[in-house]
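Here is how the chains run, residue by residue.
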Amino acid sequence: MSGAGRSKRGDTVGVRINGEDRKVPRGLDVRSLLEWLELTPELVVVERNLEILERDQYGSVTVEDGDALEVVHFVGGGLASSTFPEEMES
Amino acid sequence: MTEGVRTEGGETVVLEDRSETLAVGGRELGSRLIVGTGKYSDNATMVEAIRASGAAMVTVAVRRVDLDRTQEEGILHHLDPHEFFLLANTAGCYSAEEAIRYARLARAAGFNDFLKLEVIGDQETLLPDVQETIEAAKVLTEDGFKVMAYTNDDLVTALRLEDVGCIAVMPLASPIGSGLGLVNPYFIREIKRRLEVPVIVDAGVGTASDACLTMEQGVDGILMNTALAAADDPVGMATAMRYAVRAGRLAFLAGRMPSREIAVPSSPTRGMLD
């Protein structure tokens with residue numbers, strides 16, 4: 001991983017979450033990141049650099065500088081017209 | 001005697017469970033009606049309408065969490081996954097690759113391995129891209145998903161989807177959200193006649209008579225969303241749909257009289273007074 005996104009003080013890392021660049025505390029595992037984002041880990045699914053993480057990995061995978069994360073959940077939906085398509089980054 | 005009906009001491013008894021349950025992918029659902037959860041004005045109405053519809057299986061979509069919480073929170077805050085069987089869909093996907101990605105995210109949520117596969121091919125009509133749908137269905141079936149595939153009312157595509165291992169094929173009644181009802185009963189009957197897996201009509205039903213007519217073709221079930229969510233009274237329409245789906249199924253099982261373009265008297269023509 002490149003260190004380009006690191007802050008000078010080195011206490012945060014730069015990650016992209018759901019298409020937005022964010023600074024998050026350095027050294028967080030995925031579970032702590034979700035809690036830091038005030039999300040319930042049991043109600044979301046996380047994809048890290050295009051790989052889906054199983055929930056039992058959340059505590060052991062550390063968020064690295066430059067990671068691209070998608071955090072998704074279930075929303076109301078029937079067919080195409082009854083939901084609002086939103087592009088995920090690939 | 002047809003399935004779902006028997007006679008007891010001269011009385012015809014309807015076996016409610018057999019006309020109302022839908023067996024799909026090794027599951028026995030308590031209703032032939034499957035409903036979507038989108039487009040409702042509020043979550044309380046959605047839950048009330050779903051309960052009124054009697055549906056056991058409900059579809060949900062996968063979307064990004066809104067980190068700023070300006071949008072609605074996740075549906076699991078409102079819908080109890082122990083009360084309803086959650087059927088994740090790939091709504092809004094336009095390629096096999098995209099649908100496969102959404103499918104895997106949905107499965108990682110940990111509820112079940114059923115998936116309503118939907119790959120749209122045209123933004124204006126929202127008609128399915130059948131080539132991408134077949135391709136995605138093949139990959140996902142090999143990956144262990146129980147795929148219920150949304151498709152056109154095209155027999156050959158329906159056969160291909162069955163061939164690649166879909167556990168149900170879901171031809172449309174008419175375009176998504178159109179409320180045009182069943183535009184091609186003949187093709188729907190033909191698909192039902194030729195497939196071994198359940199045929200569940202998906203999309204286009206607008207009101208109770210549409211649902212009833214669709215079930216009268218002999219299909220195994222119906223999936224609808226907008227017909228309930230966009231009704232003036234979603235709970236009332238959900239109740240109507242519950243009866244319509246059941247009435248249509250019973251009428252199909254009962255076997256309708258032949259239709260003909262001449263009148264036939266139903267009272268004796270003999271014995272009239274001079």
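Check the entry above for the structure.
Small disclaimer: the values here were computed from a predicted structure and weren't measured.

Draft legend 1. Inspection of the overall build of chain B at higher detail. Within chain B, the regular secondary structure consists of nine helices and twelve strands. Taken over C-alpha atoms, the radius of gyration comes to 20 Å for chain B, in line with the 19 Å a tight globule of 274 residues would show. When burial is assessed residue by residue, chain B has 46% of its 274 residues classed as buried. For chain B, restricting intrachain contacts to residue pairs at least 6 apart in sequence, the fraction spanning at least 24 positions comes to 62%.

Draft legend 2. Fine view of the overall build of chain A. Counting secondary structure elements, chain A contains one helix and five strands. Going residue by residue from the N terminus, the α and β elements of chain A occur as β-β-α-β-β-β. Across the 90 residues that make up chain A, the buried fraction comes to 30%. Intrachain contacts of chain A at a sequence separation of at least 6 include 51% that bridge at least 24 residues.

Draft legend 3. Looking closely at the nonpolar core. Of all hydrophobic cores here, the largest spans 97 residues; its most connected members are Leu 117 and Met 241 of chain B. Among all residues touching Leu 117 of chain B, those that are not within four sequence positions of it are Thr 90, Ala 99, Thr 133, Ala 136, Ala 137, Leu 140, Val 147, Met 148, Ala 149 and Tyr 150 of chain B.

Draft legend 4. How the structure looks around the packing of helix 3 (residues 96–108) of chain B against helix 4 (residues 130–142) of chain B. All names here are of chain B. Interaxial distance between helix 3 and helix 4 falls to 9 Å at its minimum, and their mutual angle equals 40°. Relative to helix 4, the element helix 3 is oriented oblique. Relative to helix 4, helix 3 is oriented so that their crossing is right-handed. Facing helix 3, whose interface residues are Ala 96, Ala 99, Ile 100 and Ala 103, helix 4 presents Glu 132, Glu 135, Ala 136, Val 139 and Leu 140. The residue inventory of the contact of helix 3 with helix 4, partitioned by class, reads seven nonpolar, no polar and two charged.

Draft legend 5. Spotlight on the interface of chain A and chain B. Residue-level contacts link 28 residues of chain A with 36 residues of chain B. Elements that contribute at least two residues to the side of chain A that touches chain B include exactly strand 3 (45–48) and strand 5 (68–76) of chain A. Per-element tally for the side of chain A that touches chain B: the top contributor is strand 5 of chain A, with seven residues.

Draft legend 6. Highlighting the packing of helix 5 (residues 155–163) of chain B against helix 6 (residues 185–194) of chain B. All names here are of chain B. Contact pair helix 5 / helix 6: the axes reach a minimum separation of 9 Å and the direction vectors enclose 30°. By the angle between their directions, the pair helix 5 and helix 6 is classed as roughly parallel. Here the hand of the crossing between helix 5 and helix 6 comes out right-handed. The segment helix 5 lies against helix 6, with Leu 155, Ala 158 and Leu 159 engaging Phe 187, Glu 190, Ile 191 and Arg 194. Its residues assigned to classes, the contact of helix 5 with helix 6 shows five nonpolar, no polar and two charged.

Draft legend 7. Structural view of the pairing of strand 5 (residues 33–36) of chain B. Residues and elements named next belong to chain B. Of the two faces of strand 5, the one carrying Leu 33 and Val 35 and the one carrying Ile 34 and Gly 36 are both buried. One ladder, built from three bridges, connects strand 5 with strand 12 (residues 221–224); its direction is parallel. Within strand 12, the residue paired with Val 35 across the bridge is Met 224. For the segment spanning strand 5, helix 2 (residues 43–53) and strand 6 (residues 57–64), crossover handedness is right-handed.

Draft legend 8. Quick peek at the environment of Ala 247 of chain B. Residues and elements named next belong to chain B. Mapped onto the fold, Ala 247 is located in helix 9 (residues 234–254). Taking the number of C-beta atoms within 10 Å as the measure of exposure, Ala 247 has 17 and is therefore partly exposed. Placed ten residues apart in sequence, Ala 247 and Met 237 show a C-alpha to C-alpha distance of 15 Å.

Draft legend 9. Layout of unusual backbone geometry. In this structure, Leu 50 of chain A is a non-glycine residue whose phi angle is positive, near 70°. On the secondary structure map, Leu 50 of chain A appears in the loop between strand 3 and strand 4 (51–52). Judged by C-beta crowding, with 11 C-beta atoms within 10 Å, Leu 50 of chain A ranks as exposed. Unusually for a residue other than glycine, Ala 203 of chain B sits at a positive phi of about 90°. For Ala 203 of chain B, the position within the fold is in the loop between strand 11 (200–202) and helix 7 (208–216).

Draft legend 10. Quick look at the pairing of strand 8 (residues 114–117) of chain B. Residues and elements named next belong to chain B. Side chains of strand 8 alternate between two faces, with Phe 114 and Lys 116 and Leu 115 and Leu 117 buried alike. Sheet topology places strand 7 (residues 85–89) next to strand 8; two bridges connect them, and they run parallel. When the bridges of strand 8 are listed, Asn 89 appears paired with Lys 116. Bridging between strand 8 and strand 9 (residues 146–151) involves four bridges; their strand directions are parallel. Bridge assignment links Leu 115 to a residue of strand 9, and that residue is Val 147. Taken together, strand 8, helix 4 and strand 9 form a β-α-β motif whose crossover is right-handed.

Conventions we followed
Position numbers for residues count from 1 along each chain, tracking the sequence in the order it is written. Lettering for chains starts from A, numbering for ligands starts from 1, and both go in the order in which the items are written. Confidence filtering applies because this is a predicted model: local features only for residues at pLDDT of at least 70, side-chain atom pairs given and counted only at 80 or more, and all residues used for totals across whole chains, interfaces and linings. For helices the rule is a DSSP run of H or I covering at least 4 residues; for strands it is a run of E covering at least 2, with both sets numbered from the N terminus onward. Atoms counted for the radius of gyration: C-alpha only. Globule rule: 2.2 Å times the number of residues to the power 0.38. As a rule, residues whose C-beta atom has 12 or fewer other C-beta atoms within 10 Å are exposed, those with 20 or more are buried, and those in between are partly exposed; C-beta atoms are placed from the backbone. By definition, residue pairs are in contact when their C-beta atoms, positioned from the backbone, come within 7 Å. The term nonpolar core refers to a set of buried Ala, Val, Leu, Ile, Met, Phe, Trp, Tyr and Cys residues connected through C-beta atoms within 7 Å. Angles shown run from 0 to 180 degrees and are taken between the N-to-C directions of axes, each axis being a line fitted to C-alpha atoms and, for helices, limited to the stretch in contact. If an angle is under 35 degrees, it is roughly parallel; if it is over 145, roughly antiparallel; if it lies from 65 to 115, roughly perpendicular; otherwise it is oblique. Helix crossings fall into two classes, left-handed where the near helix is turned counterclockwise from the far one by less than a right angle and right-handed where it is turned clockwise. Side-chain classes follow a simple rule in which Ala, Val, Leu, Ile, Met, Phe, Trp, Tyr, Cys and Pro form the nonpolar group, Asp, Glu, Lys and Arg form the charged group, and the remainder, Gly included, forms the polar group. Only strands joined by at least two bridges in the DSSP assignment are considered to pair. Handedness of a crossover: with both strands directed away from the viewer, a clockwise path from the first strand across the helix to the second marks it as right-handed.

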